[in-house]
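# Close look at the chain arrangement
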Amino acid sequence: AQSVTQLDSQVPVFEEAPVELRCNYSSSVSVYLFWYVQYPNQGLQLLLKYLSGSTLVKGINGFEAEFNKSQTSFHLRKPSVHISDTAEYFCAVSEGSWGAQKLVFGQGTRLTINP
Amino acid sequence: EAQVTQNPRYLITVTGKKLTVTCSQNMNHEYMSWYRQDPGLGLRQIYYSMNVEVTDKGDVPEGYKVSRKEKRNFPLILESPSPNQTSLYFCASSLSGLAGAIDTQYFGPGTRLTVL
């Protein structure tokens, strides 16, 4: 079964600094990867997803992620964060290419932006 | 507006008192799913439904029931809630439930449940 590990439970950064949120997954034949964001008191919103093709994926709000098959990683990056990026971020992997879709989530990383 | 709605948003109840959390989507999605979110554990799938009258267990189904009588609704039922079911619950839907389709899942705003 797939598993996802988010290496940092909390990441504090200053406004306008770059940030990287780390995500590693267990290997599988078919791997589809996602990053979701959860703003305070809201549901999850898709930031970006990797299905195939270019390993650098661009998402909303200036975020991007790089799929690295050899390191089984899918780290999320933003070159300059804003106070409004304060949220919890979840990495997820979709398991298998047949049968029912199944999203397996990491534990989440809480990103706090300090002025 | 395309959305997934859940009710209630907050609920405090006592052990053993049956409750239902409703979930509704207006996007004509076939696939719907329930997750619970607990600190340090991320989201874990409780039940999912591929279409009307088709439901199956997720990773943590014990103590929960679901039904899918209509395409738009997917209620979560706790017949006899216990304190270990205190959690934040999310409903989600996507166009297709097929793994190969990789359709984006849309999440509701969440229901915070406390069982005393």
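Chains are numbered independently. Their residues run from 1 in the order of the written sequence. As a convention, the first chain written is A and the first ligand written is 1, with the rest following in written order. Confidence filtering applies because this is a predicted model: local features only for residues at pLDDT of at least 70, side-chain atom pairs given and counted only at 80 or more, and all residues used for totals across whole chains, interfaces and linings. Hydrogen atoms and water are omitted, and side-chain values are computed over all heavy atoms in the structure.

## Thoughts on the overall build of chain A
Put simply, DSSP H or I for four residues or longer makes a helix, DSSP E for two residues or longer makes a strand, and each gets a number counted from the N terminus. Helix and strand counts for chain A come out as zero helices and twelve strands. The N-to-C order of helical and strand elements in chain A reads β-β-β-β-β-β-β-β-β-β-β-β. Atoms considered for the radius of gyration are the C-alpha atoms alone. The globule rule reads 2.2 Å times the number of residues to the power 0.38. Its C-alpha atoms give chain A a radius of gyration of 14 Å, near enough to 13 Å, the size a compact globule of 115 residues would have. Exposure is judged per residue with a 1.4 Å probe applied to protein chains only, and the accessible area is read against the type maximum: over 50% gives exposed, under 20% gives buried, and values in between give partly exposed. Scored against the burial criterion, the 115 residues of chain A give a buried share of 47%. It only takes one pair of heavy atoms within 4.5 Å for two residues to be counted as in contact. Within chain A, contacts between residues at least 6 apart in sequence are counted, and of these 56% link residues at least 24 apart. Accessible surface is estimated by sampling points in the Shrake-Rupley manner with a 1.4 Å probe; for residues, cover comes only from the protein chains shown. For chain A, the computed accessible surface area is about 5500 Å², with 51% contributed by carbon and sulfur atoms. None of His or the chain ends enter the tally, which takes Lys and Arg as positive and Asp and Glu as negative. Think of each charge as sitting on NZ of Lys, CZ of Arg, CG of Asp or CD of Glu. Of the side-chain charges in chain A, 8 are positive and 9 negative, and the distance between the mean point of each set is 7 Å.

## A look at the interface of chain A and chain B
Chain A puts 26 residues into the contact, and the matching count from chain B is 28 residues. Here, a salt bridge means any side-chain nitrogen of Lys or Arg that lies within 4 Å of a carboxyl oxygen of Asp or Glu. Seen at the junction of chain A and chain B, the total is one salt bridge. Ionic pairing is found between lysine 102 of chain A and aspartate 59 of chain B, a salt bridge with its closest N-O pair at 2.6 Å. Elements that contribute at least two residues to the side of chain A that touches chain B include exactly strand E5 (31-38), strand E6 (44-50), strand E10 (87-95) and strand E11 (103-105) of chain A. Charged residues are taken to be Asp, Glu, Lys and Arg, nonpolar residues to be Ala, Val, Leu, Ile, Met, Phe, Trp, Tyr, Cys and Pro, and polar residues to be all remaining types, Gly included. Taken together, the residues of the side of chain A that touches chain B sort by class into eleven nonpolar, eleven polar and four charged.

It is worth stressing that arrangement in space is one thing and function is another; only the former is reported here.
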